[in-house]
Amino acid sequence: MKNNHSALVLLLTSVLLFITGCGNNNQPDTSNVNSAAHWLTDTIIVVGDTKPNTQFELHTTLVDGRKSQVKLTTTSMPTALSVKYPHLSDFVALQVPQTIIDVKSLLKGHNQVIQSSKDAATQISNVQIYGVLDALYTAKENDANEETDFGSVVNQHSVTFKVWAPTATQVTVLLTDKTHQQTTSELVMTEDRNTGVWSVSSTQANAFDYYQYQLDVYHPNTQQFETVTTTDPYSLSLSTNSKYSQIIDLNNPNTFPQGWLTQTIDTLEAPEDLILYETHIRDFSASEKKLSSPEFKGKYKAFSETNTDGINHLKMLKQAGLNTIHLLPTYDISTVDEQAGIAIDIDDPVSKVCSIYPDLTHCDDDKVLNKSLKQLLNSFDTRTGQAQEVMETIRGKDNYNWGYDPYHYTVPEGSYAVNPEGKSRIVEFREMVTSLHNLGFRVIMDVVYNHTFASGLNEKSVLDKVVPGYYHRYDAISGVMEISTCCDNSATEHAMMEKLMTDSLVVWARDYKIDGFRFDLMGHQPKQAMLNARQAVQQIDPDTYFYGEGWNFGEVANNKQFVQASQNELAGSEIGTFTDRLRDAVRGGNFMTNAEGLRRDQGIGNGLLVIPNELQPEDKQLAEYQISMDQVRLGLAGNLQQFSIQTSNNDIKLGKQINYGGSPAGYALDPADTINYVSKHDNQSLWDNHQYRLPFDMSSDDRVRIQNMSLAYPLLAQGIPFLHMGSELLRSKSFLRDSYDYGDWFNAVDFSKQSNNYDVGLPPAEKDIDNWPIITTLLTNNEDRDDVSPTQIDFASKVFAEFINIRAHSVLFRLRTAEQINQKVSFLNTGSAHQNGLIVMLIDDNQGQDLDPNYQSIIVIFNNNNSPQEFSYQDAASYKLHVTQANGVDAQVKTSASDGNGFTIAPLSVAVFVK
């Protein structure tokens, strides 16, 4: 009856507006159409791109085919709306007359604002309705955003379904059998017109059954009323390949792996104690040779093994002090076929590849059809583009992706499960979490709420089928989908998208025991949404930690649409942001550097000024070196706004006064604001980055030392270190800049330490063809000095572990406040008397509160020179080399010493002296 009542109200409203609507009856010229009208409240519509001396009318087409038109009058823009929607503040505000008695019913139709002069329409604007939906359904108490239990909920004798779909005219639950071959029941839902929430309870549905929603809804993409079928945006479980949602209770013991309820989760005293190790689930075991079952390759199950090379490596790092595993996206993604045997694996026969890609050049050669894809790739000359050509062809159908392509936000990805169907993927994901927790690691998830993989009526669109035009961000004038993130930008500034994000995070924290979250392109989300979400998660897990990419770009840049969750705006919040300042100063160049710039633009970590390559411009080296050294020092001090640095000309500047590409280098107000890194999944690996820039004649051993030194910067810096899995193994991607879906060939990590995957073929032309000439040149001129042995890989990993150990065993590397850093951290060897290539950091525990009972002070000296250096210091004799290094694997750093005159530091070494 309630559903019929809604239809009746809609029909009566349509009739009323058809009769009383004012304005002319001319058919508008549809050749001049945009989407510059925004309905913000029940009484205010704003329009951009307006014409002078025009009248405005709201034209509505309702589901029953009737049309209405209502005259709109200009009014002043309410201040509150200008503040809430700053990017619309200069639009013309129009008053919606009170004669419209049922705005909610109009919103179920197609709305346009018509500008006309005399009898001719000059502009038609399709109406974007996100604002009025929030105003009507989320602005008061007990509205849609206060609703709980969206999705399917298992009760004692029934199942309740609930979905927010205020623009739909009918919503039905389609139950299917377990084979998904036919619909077994259709449950008609009813709408609560106060909240826009549709719901139904039924005894016909049971736990572990599958379902979809069918909605009748107007869709702006087609400008037609559509009947769409989709999964549940609040899905908690899915069928293979995510075609159907599954009814599930995550508290059902059938969803628990062994030990789920008794696992141990380490706690930390402060977020600054975190040491983050970025791990891709497939990369972790795709090259593993000691799995107990080949089925576990690239799967969740690999983390529950007990004696693989990968697990033994993690155990070694844990013993050193590593405490947190950061997992690249592992929610349900869109781009890998989950059905066993369908996606291409690197160990599959070439005949299978050719059955999918028959035009592949090598399919004409019968001799290779029975070889594996890996054998084929191994047969190529690595100095050619043959390998990349094959990978470029097949990457759309292989089993690899980083996962930044969200499909369903709150279900584990099925391609990482041995069995992706229904609850099995949940059990396997939880088993992985349990195993990592029991190894002593905290577990952090990489999440991507800033965009979806698809929208509109596309197959893998979900949100935009349920409430078309609401969950995404569109250009304010054209209405074209914003894609500055890479894909279809979502709009967490809208209340129900923020709620979806928050509710999803709560599920991961509560029901999967996830200890923190890393947010992709977090700067595309409102700061307040991030603070709200963290507060909600903290109710479940008080010591959760949030961090992410606070980059400032795109249509939301410089707070254009809202106050962003960006580097500058999050200062003092203890939501961490990755700092590009330390990264670029150590690596050289920036994320956009390419071609000859990749060699020319050296950084502190690969020889700037002190070990120049042949392209270093002598007239620019010194200035670039000086500002880079200031940026590195500031990074070591937590990138704080108020930290004092003595510059090369003896000026004293605060961190916020140090330049970084025209912006302040120092932006943090608390050490937990800063995530320090020199390598992560994006861009070239650290090893490849260095090979671009190092002199041709540098020895292989020195190249390894360069790598170790660069990793020491984030590990010995204030703030939180972030480490890319395999960087300690000299990991290479054969110079590939963006390896997001280029398979195991370019992304391989060998924990057996036999290879670092360097020089396995020129990187894919799509991303790197402009870089091929410089790659070819350096590979030739290096004369294999850029190749490494298993002994060198093992050495690098052990030195890396020593730096982790040094950090983990003194709180002085993990200071909790800006005040403590300003008191205790300072830099020697600064100003005009600076010795080139030396950074000398003093952490003095005699200043302020005594924090470390073991040390009065620590001096860390980074010698970026390829020769020993002496640094005069009056009190040097009271310091000795840190016991970890004195007893460590690096014979060269052990030659570093202190005496009454000062310190001697070995070449290309980071020496830690303690008092």
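As shown above, the structure is provided for reference.
As the structure is a prediction and not an experimental result, all values here were calculated from the model.

## Observations regarding the overall build of the protein chain
Move 1: When helices and strands are tallied, the protein chain shows 24 helices and 40 strands.
Move 2: The C-alpha atoms of the protein chain give a radius of gyration of 30 Å, which matches the 29 Å a tight globule of 915 residues would have.
Move 3: Viewed in the frame of its principal axes, the protein chain has a C-alpha envelope of about 95 × 65 × 55 Å.
Move 4: In the protein chain, which comprises 915 residues, the proportion classed as buried is 63%.
Move 5: Partitioning the intrachain contacts of the protein chain with sequence separation of at least 6 by distance along the chain shows that 73% fall at a separation of at least 24.
Move 6: Surface summary for the protein chain: the accessible area is close to 33,100 Å², and the carbon and sulfur share equals 47%.

## Concerning the pairing of strand 21 (residues 442-447)
Move 1: For strand 21, the buried fraction is high: 6 of the 6 residues fall into the buried class.
Move 2: Here strand 18 (residues 324-327) runs beside strand 21; their pairing, made up of 4 bridges, is parallel. Paired with His326 across the strands is Ile444, a residue of strand 21.
Move 3: Of the strand pairs in this sheet, strand 21 and strand 24 (residues 516-519) are connected by 4 bridges, and their pairing is parallel. Directly across from Met445, in strand 24, lies its bridge partner Phe517.

## Here we look at the pairing of strand 5 (residues 92-95)
Move 1: Here strand 2 (residues 44-47) runs beside strand 5; their pairing, made up of 4 bridges, is antiparallel. By the bridge assignment for strand 5, Val46 is matched with Ala93.
Move 2: Examined bridge by bridge, strand 4 (residues 67-75) and strand 5 share 3 bridges and lie antiparallel to one another. Within strand 5, the residue paired with Thr73 across the bridge is Gln95.

## Let's talk about the packing of aromatic side chains
Move 1: Considering all chains together, one arrives at 38 aromatic pairs under this definition.
Move 2: Measuring from ring centre to ring centre gives 4.6 Å for Trp508 and Tyr512, while their planes differ by 40 degrees; the resulting arrangement is tilted. Each member of the pair, Trp508 together with Tyr512, is buried.
Move 3: Both rings, one in Tyr547 and one in Phe722, keep their centres 6.5 Å apart while their planes meet at 70 degrees; by these two values the pair is edge-to-face. Taken together, the residues span a long stretch of sequence, with Tyr547 in strand 25 (residues 545-548) and Phe722 in strand 32 (residues 720-724) at a distance of 175 residues.
Move 4: Tyr547 gets classed as buried once you look at its relative accessible area, which sits at 0%.
Move 5: Classification of Phe722 as buried rests on a relative accessible area of 1%.
Move 6: Against the face of Trp260 rests Lys513, its NZ or CZ located 5.1 Å from the ring centre.
Move 7: A cation over a ring is seen here: Arg599 above Phe696, with NZ or CZ 4.0 Å from the ring centre.

## Some thoughts on the state of the cysteines
Joining two cysteines, a disulfide is a covalent bond between their sulfur atoms.
Move 1: Inspection of the entire model under this criterion finds 2 disulfides.
Move 2: The disulfide partner of Cys354 is Cys363, and the S-S distance across this bridge is 2.0 Å. Taking the sign of the S-S torsion, about -95 degrees here, the bridge from Cys354 to Cys363 comes out left-handed.
Move 3: Owing to a relative accessible area of 11%, Cys354 belongs among the buried residues under this scheme.
Move 4: Using a relative accessible area of 13% as the deciding quantity, one classes Cys363 as buried.

## Concerning the pattern of salt bridges
Move 1: Evaluated as defined, the whole model comprises 45 salt bridges.
Move 2: Salt-bridge contacts for Lys290 lead to Asp309; the nearest nitrogen and oxygen are separated by 3.1 Å. Pair noted here: Lys290 is in the loop between helix 5 (281-285) and helix 6 (309-320) and Asp309 is in helix 6, with a separation of 19 residues, a long-range link.
Move 3: With a shortest N-O distance of 3.7 Å, Asp347 and Lys374 are connected by a salt bridge.

## Digging into the sheet that holds strand 39 (residues 902-905)
Strand pairs in the sheet, formed through backbone hydrogen bonds, run parallel or antiparallel to each other.
Move 1: Strand order in this open sheet of 3 strands is 36-39-38, and the pairing throughout is antiparallel. The open sheet has two free edges, formed respectively by strand 36 (869-872) and strand 38 (897-899), since each of these has just one partner strand. Here the strands of the sheet are splayed against their neighbours by 20 degrees on average, with no regard to which way each runs.
Move 2: Two strands pair when backbone bridges link them, and strand 38 and strand 39 are joined in this way by 3 bridges, in the antiparallel orientation. The residue bridging Asp899 from the neighbouring strand is Gly902, located in strand 39.

## Some remarks on the sheet that holds strand 40 (residues 909-914)
Move 1: Pairing is antiparallel in the open sheet, where 5 strands are placed in the order 33-34-35-40-37. A strand with exactly one partner marks an edge of an open sheet, and here the two such strands are strand 33 (825-828) and strand 37 (880-881).
Move 2: The pairing of strand 34 (residues 838-844) with strand 35 (residues 857-863) spans 7 bridges and is classified as antiparallel. Following the sheet pairing, Asp844 is matched in strand 35 by Ser857.

## Thoughts on a negative patch on the surface
Move 1: A cluster of like negative charges, contributed by Asp359, Asp364, Asp365 and Asp366, occupies part of the molecular surface.
Move 2: Considering the arrangement of structural elements, one finds Asp365 in the loop between helix 7 (350-356) and helix 8 (373-378).

## Some words on the packing of helix 18 (residues 700-715) against helix 22 (residues 790-808)
Move 1: It is at 10 Å that the axes of helix 18 and helix 22 come closest, and there the two elements cross at 20 degrees. Classed by the angle they form, the pair helix 18 and helix 22 counts as roughly parallel. Of the two possible hands of crossing, helix 18 and helix 22 adopt the one that is right-handed. Across the interface between the two elements, Ser700, Asp701, Val704, Arg705, Asn708, Leu711, Ala712, Pro714 and Leu715 of helix 18 pack against Gln792, Phe795, Ala796, Val799, Phe800, Phe803, Ile804 and Arg807 of helix 22.
Move 2: Its residues assigned to classes, the contact of helix 18 with helix 22 shows 11 nonpolar, 3 polar and 3 charged.

## Here we look at the packing of helix 17 (residues 686-693) against helix 18
Move 1: Running from amino to carboxyl end, helix 17 crosses helix 18 at an angle of 125 degrees, the nearest separation of the two axes being 10 Å. With respect to each other, helix 17 and helix 18 are oriented oblique. By crossing handedness, the relation of helix 17 to helix 18 is classed as right-handed. Note on element contacts: helix 18 touches helix 17 through Arg703, Val704, Ile706, Gln707, Ser710 and Leu711, opposite Leu686, Trp687, His690 and Gln691.

## Re helix 10 (residues 423-438)
Move 1: Spanning 16 residues, helix 10 covers 22 Å between terminal C-alpha atoms, matching the ideal 22 Å at 1.5 Å per step.
Move 2: Within two residues after helix 10, Gly440 carries a phi angle of roughly 105 degrees, on the positive side.

## Topic: the nonpolar core
Move 1: By size, the foremost hydrophobic cluster in this structure holds 205 residues, and its most contacted members are Phe161, Trp164 and Phe517.
Move 2: A per-element tally of this core places helix 12 (residues 495-511) first, with 10 residues.
Move 3: Ignoring any residue separated from it by four or fewer positions in sequence, one finds Trp164 in contact with Leu133, Tyr137, Ala144, Phe150, Thr195, Gly196, Val197, Val466, Val467, Tyr470, Tyr471 and Met496.

## Concerning unusual backbone geometry
Move 1: With a phi close to 80 degrees, Phe208 is a non-glycine residue in the positive phi region.
Move 2: In this fold, Phe208 is placed in the loop between strand 13 (197-202) and strand 14 (210-219).
Move 3: Judged by its relative accessible area of 17%, Phe208 is buried.
Move 4: A positive phi angle, close to 60 degrees, is found at Leu730, a residue other than glycine.
Move 5: Here Leu730 is to be found in the loop between strand 32 and helix 19 (743-747).

## A short note on the environment of Ile774
Move 1: Secondary-structure assignment places Ile774 in helix 21 (residues 772-781).
Move 2: Overall, Ile774 belongs to the buried group, its relative accessible area being 14%.
Move 3: With 177 residues separating them in the primary sequence, Ile774 and Gly597 have C-alpha atoms 9.6 Å apart.

Conventions used here
Residues numbered from 1 in each chain as written. Predicted model: local features only at pLDDT ≥ 70, side-chain atom pairs only at ≥ 80, totals over all residues. Heavy atoms only, no water. Helix = DSSP H or I, 4+ residues; strand = E, 2+ residues; numbered from the N terminus. Rg over C-alpha atoms; globule rule 2.2 N^0.38 Å. Buried < 20%, exposed > 50% of the residue type's maximum accessible area, 1.4 Å probe, protein only. Contact = heavy atoms within 4.5 Å. Areas by Shrake-Rupley, 256 points an atom, 1.4 Å probe, with all protein chains shown as cover. Pairing = 2+ DSSP bridges. Phe/Tyr/Trp six-rings, centres within 6.5 Å; stacked < 30°, edge-to-face > 60°. Lys NZ or Arg CZ within 6 Å of the ring centre and 35° of its normal. Disulfide = S-S within 2.5 Å. Salt bridge = Lys/Arg side-chain N within 4 Å of Asp/Glu carboxyl O. Axes fitted to C-alpha atoms, helices over the stretch in contact; angles between N-to-C directions. Patch = residues over 30% accessible without salt bridge, like charges linked within 9 Å, V, L, I, M, F, W, Y side chains within 5 Å. Lys, Arg positive; Asp, Glu negative; His and termini not counted. Charge placed at Lys NZ, Arg CZ, Asp CG, Glu CD. Parallel < 35°, antiparallel > 145°, perpendicular 65-115°, else oblique. Left-handed = near helix turned anticlockwise from the far one by under 90°. Nonpolar A, V, L, I, M, F, W, Y, C, P; charged D, E, K, R; others polar. Expected span 1.5 Å × (residues − 1). Core = buried A, V, L, I, M, F, W, Y, C linked by side-chain atoms within 4.5 Å.

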